Amino acid sequence: MATPAMAAPGGCPSGQTCLWKDINYTTGGVDWIYFVYTNGANDLRNYQWSFNGTVNDNVSSWYNNGNTEASFIFDNLNFQGQLSYLPIKFGRDNLGNASDRATSAGFRFCLNNPTSAKCV
Ligand SMILES: [Ca+2]
């Protein structure tokens, strides 16, 4: 279930979506270690957690602190195979059976413009 939060967890910046490696908006027990995007990322294999491996197939919670668009995560590259969706200012503290599967992620802009340089 997507649930609203009183404030963005971990200081997730306004206008962006944040992904955490573990449940409850934490990465290795730390809430301020997250992967963040302003528009989207078409290949999460290109990004590493600071201490432990790739972001790809290694995300268990996320928060949409955007101001204008819903945000999405996908099982596959290039915004294919939708796993989860968040309205503005909503989060999921446990992706459940969608955990450890995200391979691309983006705001609606990147769904509509998947080849945009903003979505790399
Ligand atoms: Ca995947």
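Residues numbered from 1 in each chain as written. Predicted model: local features only at pLDDT ≥ 70, side-chain atom pairs only at ≥ 80, totals over all residues.

- Going by the annotation in an unreviewed UniProt entry, the name recorded for the protein is Peptidase inhibitor family I36, with Microbacterium testaceum given as the source organism.

**Some remarks on the pairing of strand S6 (residues 71-76)**
So, point 1. The pairing of S6 with strand S7 (residues 80-86) spans five bridges and is classified as antiparallel. Bridging from a neighbouring strand, isoleucine 73 pairs with serine 84 of S7.
So, point 2. Connecting S6 to the next strand, S7, in antiparallel fashion are three residues, including asparagine 78 with a positive phi near 60°.
So, point 3. The sheet contact formed by S6 and strand S9 (residues 104-107) spans four bridges and is antiparallel. Paired with phenylalanine 72 across the strands is glycine 106, a residue of S9. (Pairing = 2+ DSSP bridges. Helix = DSSP H or I, 4+ residues; strand = E, 2+ residues; numbered from the N terminus.)

**Topic: the environment of asparagine 76**
So, point 1. Along the polypeptide, asparagine 76 turns up in strand S6.
So, point 2. Not counting chain neighbours up to four residues away, the residues in contact with asparagine 76 comprise Gly81, Thr103 and Ser104. (Contact = placed C-beta atoms within 7 Å.)

**Considerations on unusual backbone geometry**
Excluding glycine, residues mostly have negative phi values, and the peptide bonds linking residues are mostly trans.
So, point 1. Its identity as a non-glycine residue notwithstanding, aspartate 57 has a phi of 55°, on the positive side.
So, point 2. With respect to the secondary-structure elements, aspartate 57 resides in the loop between strand S4 (40-41) and strand S5 (61-64).
So, point 3. With a phi close to 60°, asparagine 78 is a non-glycine residue in the positive phi region.
So, point 4. Examined against the element boundaries, asparagine 78 turns out to sit in the loop between S6 and S7.

**Focus: the pairing of S5**
So, point 1. Every second residue of S5 is oriented toward a common face, with Ser61 and Tyr63 on one face and Trp62 and Asn64 on the other, all of them buried.
So, point 2. Taken together, the four bridges between strand S2 (residues 17-20) and S5 define a ladder with antiparallel strand orientation. Bridge pairing in S5 links cysteine 18 to tyrosine 63.
So, point 3. Pairing geometry for S5 and strand S8 (residues 90-92), over two bridges, is antiparallel. Residue tyrosine 63 lies in a different strand from S8, and its bridge partner there is glycine 91. (Buried ≥ 20, exposed ≤ 12 C-beta atoms within 10 Å, placed from the backbone.)

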